[in-house]
Amino acid sequence: MKNCRFPIAVCTFVLALSLNMEAQSTSRVSFNEGWTFTKGSQSEVVDLPHDWGVDGPFDISNPGETGKLEWWGKAEYRKTIKVDERSKEYFLDIDGAMSWAKVYCNGQFVTEWPYGYASFRANLTPFLKEGDNEIKITLDNPEESSRWYPGGGLYRNVWLTKAAPLGVAHWGTFMTTEGDKARLEVKLRNSGAPVEGVVRTEIYEYSGSTIIASAETKVASIDSSSVVVQEFDMAGAKRWSPGHPNLYVAVTTMSAGGAAELRPYSAAAKRGWTRPGSDGAPANDVVLNGEVYTTVFGMRDVEYREDGIFIDGEKTFLKGVCLHHDAGALGAVWNNTAWERRLKMLKEMGCNAIRTSHNPPAPELLDLCDRMGFVVMDELTDTWTVPKKPNGYALLFNDWADKDLKALIRRDRNHPSVILWSIGNETGEQGYPDLYHIPAHLTEVCHAEDPTRLTTFGSDNPWASEQEFRNTMDIYGFNYKPHLYDKFHAANPGKLYLGSETASTISTRGVYFFPIEEDPRGKEFCEKDFQVSSYDLHTVPWGQIPEQEWKAEDENPSCLGEFVWTGYDYLGEPTPYNSDLTILTNFHDPETRARAEKEIAEKGVVSTPSRSSYFGIIDLAGFPKDRYWLYQARWSDKTVLHILPHWNWAGREGEVTPIHVYTNCDKVELFVNGESKGILERSDKQYRLRWDDVVYEPGKIEAAGYRDGKKVASETIRTAGEARRVKLELEKGFGEGDLFYIDAKITDKKGNFVPVACNDLKFNIKGAGEILAVDAGDPTCLTPFHSDEIKAFNGLASVIVKATPSRRGKIVVTVTSDGLKKGRVKISGRSIQRPD
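Here's a quick rundown of the structure. Since we're looking at a predicted model, the values are computed, not measured.

1. Points about the packing of aromatic side chains
Link 1 in the chain: Summed over the entire model, instances satisfying the criterion amount to 38 aromatic pairs.
Link 2 in the chain: Considering the side-chain rings of F37 and Y77, the 4.9 Å spacing of their centres and the 40° angle between planes classify their relative orientation as tilted. One end of the pair, F37, is in strand β3 (residues 35-39); the other, Y77, is in strand β5 (residues 73-83), and 40 residues separate them in sequence. Like F37, the residue Y77 is buried in the burial classification.
Link 3 in the chain: Ring centres of Y512 and Y535 lie 5.5 Å apart, and the angle between their planes is 75°; on these two criteria the pair is classed as edge-to-face. With Y512 in the loop between β27 (496-503) and β28 (527-528) and Y535 in the loop between β29 (531-532) and α7 (546-555), this pair connects stretches of sequence that are 23 residues apart.
Link 4 in the chain: We classify Y512 as buried; its relative accessible area is 9%.
Link 5 in the chain: Linked through ring pairs, W384, Y436, F457, F469, Y476, F478, Y485, F488 and Y497 together constitute an aromatic cluster.

Okay, here's the thing in structure tokens:
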């Protein structure tokens, strides 16, 4: 495939309203409030999204891959719905239910969907009666079904759609573009007799009210298989790209009989078109005697060429990260504010691509990627028929893979952010040629459902890259095989490839061990006390440090890009501390070693406390590790200058303590207590400068960066004194007013950050909010997330505050710690409204 050009315009379904034959209101509304949740003998009323595992408590005896949290088990959710219009149809749209979900209405089975990451619809209509009706959703989340923390429960949004028998089908629009032309395919539904109707579509700018283009189609007979195709001239339209994510809205109105009667959209357009309820937008807009269905899309053409991916002719090298679906202390619960915060930090790092490893994401994640300018590799699964876990997806594959893949594509194919379908990750079938029909079939399904995008796969089997397996997907994805890029390209001219999973560098924020371990896979000087050194020179046995991957990319310009494992630390899979340990040399702190000796004497093993990963560029609490600035130096156009390690090393006076600087400046001069340690010039594609012979003495480290002979950046770090106070700072620049992230930072009396402080912190809140969760980024911390106390980790901690719905007023958060001056922050002028 030397040069494959696909025109793509993408749409996001943000509002589905049904035809109202009698001019009565129809709607799609949030169905998240007031569910009765029962697990075992315990019941409580909860609002969705809800993850029953994340509140803990942590159990150190649980395997590390579980996150030390009990996400497994059986449970049910019940809610009553009142029906007063039997002429309507009622649909329950479930964005994600973990897992083996079954839906019942008034005790009767409605439907099921076992894959916990899939979105699906339940048609309640045949089972409803006038008056009260009970909706019940049962879940059976088996142990040994996931290699990481999947969560448990109705962890994404649930929607209720009330509609007339005639309307737009579920996920019923498909928008594509080529050049200045747009084409909209609309699939209709009709559960009654065929009728005559009119379908009209008007296109607006995402935040405007002026009609850009329109089309109207008369349909002589609408039945359950009717499809309407409309075309639009979009000459002069703004284009969508990661740098300029311009969006448009296609407003499709359908009516029976005569012409579609439209109401003005200026007010709604000025608010911006969003998924209903996702950020306070109204959950319904009514069209008299008709249905309105909005499709958010972007105008752009994508070319998949041997020398890169081009969006509207501009090469877009994939500077991507892999992300699991948990949001740290929130667990698997979807929250728009939490994920906007996450994506904002990645964007500032220079990241432009997301891989949804290893499953379909929440639909709102793609909404954010559309608006913020990320491209996405949208992934189906981690497993096909060869099991990785006894109760994993292999049990479902034969019966459900086609259904899951079609659901994924039909839901997501209209997002401008989505540019690749990933059909799997590191599946065992790579090693069995007689099973290559499986990926070939999945690629065929993708092409049939969406002929505008290519498929890929994350391969960790070098042998498979030389077999016919390589031709069962459009773009070959290498997991941790940069040394094969050149060989593969030479053997397969014209075949596209990328780094689908790269690096797997491991580190703990603020932790440094000495001496430096030069062997990237060596453990002696990098892994201690269940932490990993943050010099970013250490990786897992199958991985690489960033510079090794970058060298291969630079030497092979045909590589389309990379997806780093991972953008954030995540719950579960705490490599290299997945298992119980019996080797005392792993423990260097005297107190920790003493506890380990006692536990080995009593039980023969040491229970590993690690409950989250070490792979992230950013830690679980959302604090950047040093590696963040290393990637920023390579990926972004910002001037970067970052010093590591910190300079609080009591007891190391007179010992060699290497200083590294991450930078994209031409050269850097380093000073220790005013004395120059020399100027180092950066070679092309080098982003780490090293002064490995610096001897530690307390004081001040300064670095000055130069470009074209001019000083363009500087950074200073100081040896801090004893911890004296806690400062609270509200993070800003993202969110919808439902959640607030507050950072706690421990300083000395002069205000210098104390990077070794691990004080116990106690949070208190007054006003229109509550403390939802706390964390500090320590992978070994077993304090429950749902708490008002946490031990700071290397000077930092985070508290997440949830605003009280429908209350106006200030929120005051304070933090106290023995021996420290308390901190205080006020959140004021906020009006919090619960989505309808």
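Having seen the structure, we can now continue with the description.
2. Quick word on the environment of N359
Link 1 in the chain: Along the chain, the position of N359 falls in the loop between β22 (353-355) and α3 (363-372).
Link 2 in the chain: Accessibility expressed as a relative area gives 2% for N359, which makes it buried.
Link 3 in the chain: Here the alpha-carbon distance between N359 and D382, two residues 23 residues apart in the chain, equals 7.1 Å.
Link 4 in the chain: Not counting residues up to four positions away in its chain, the partners in contact with N359 are Y115, Y117, W148, R156, H325, E379 and L380.

3. A look at the pairing of strand β10 (residues 131-141)
Link 1 in the chain: Alignment of β5 against β10, held across eleven bridges, turns out to be antiparallel. Among the inter-strand pairings, K79 is bridged to a residue of β10, identified as I135.
Link 2 in the chain: Note that strand β7 (residues 101-105) and β10 share four bridges and pair antiparallel. Following the sheet pairing, Y104 is matched in β10 by K136.

4. Examining the pattern of salt bridges
Link 1 in the chain: Following the criterion strictly, the structure yields 43 salt bridges and no others.
Link 2 in the chain: With its nearest N and O atoms 3.5 Å apart, the salt bridge here joins R189 to E89. With R189 in strand β13 (residues 181-190) and E89 in strand β6 (residues 89-94), this pair connects stretches of sequence that are 100 residues apart. Across this residue pair, the class does not change: R189 and E89 are buried.
Link 3 in the chain: When the shortest N-O distance is used, the salt bridge between E449 and R410 registers 2.7 Å. Note that E449 is positioned in helix α5 (residues 437-449) and R410 in helix α4 (residues 397-412), a separation of 39 residues in sequence.
Link 4 in the chain: Assessed through its relative accessible area of 34%, R410 is described here as partly exposed.
Link 5 in the chain: It is possible to trace a salt-bridge network through shared partners that takes in R147, D382, K388 and E573.

5. Describing the sheet that holds strand β31 (residues 641-644)
Link 1 in the chain: Taken in spatial order, the three strands of this open sheet run β31-β32-β35, and their pairing is antiparallel. The sheet is open, and its two borders are formed by β31 and β35 (688-691), each paired with just one other strand. Ignoring which end each strand starts from, the neighbouring axes of this sheet average 20° apart.
Link 2 in the chain: Judged from the four bridges that link them, strand β32 (residues 659-663) and β35 form a sheet pairing that is antiparallel. Bridging across to β35, H660 finds its partner in R690.
Link 3 in the chain: Its contacts with the sheet put helix α9 (residues 627-635) on β31, β32 and β35, and the angle it makes with β32 is roughly 40°.

Reading the values: rules and limits
The residue count restarts for each chain, going from 1 along the sequence in the order it is written. This being a predicted model, a pLDDT of at least 70 is required before a residue's local features are given, and a value of 80 or more before pairs of side-chain atoms are given or counted; all residues contribute to the totals for chains, interfaces and linings. Note that water and hydrogens are dropped before the side-chain values are worked out from all heavy atoms of the structure. The rule is short: rings of Phe, Tyr and Trp, with Trp giving its six-membered ring, pair when the centres are within 6.5 Å, and they are stacked under 30 degrees, edge-to-face over 60, tilted in between. Think of it this way: any DSSP run of H or I at least four residues long counts as a helix, any run of E at least two long counts as a strand, and we number them from the N terminus. Relative accessibility decides the category of a residue: with a 1.4 Å probe and only protein chains considered, values under 20% of the type maximum give buried, values over 50% give exposed, and everything between is partly exposed. Contacts between residues were defined by any pair of non-hydrogen atoms, one from each residue, lying within 4.5 Å. Strand pairing is assigned whenever DSSP identifies at least 2 bridges connecting the two strands. Definition used for salt bridges: Asp or Glu carboxyl oxygen within 4 Å of a side-chain nitrogen of Lys or Arg. The angle between two axes is taken between their N-to-C directions and runs from 0 to 180 degrees, where each axis is a line fitted to C-alpha atoms and a helix contributes only its stretch in contact.

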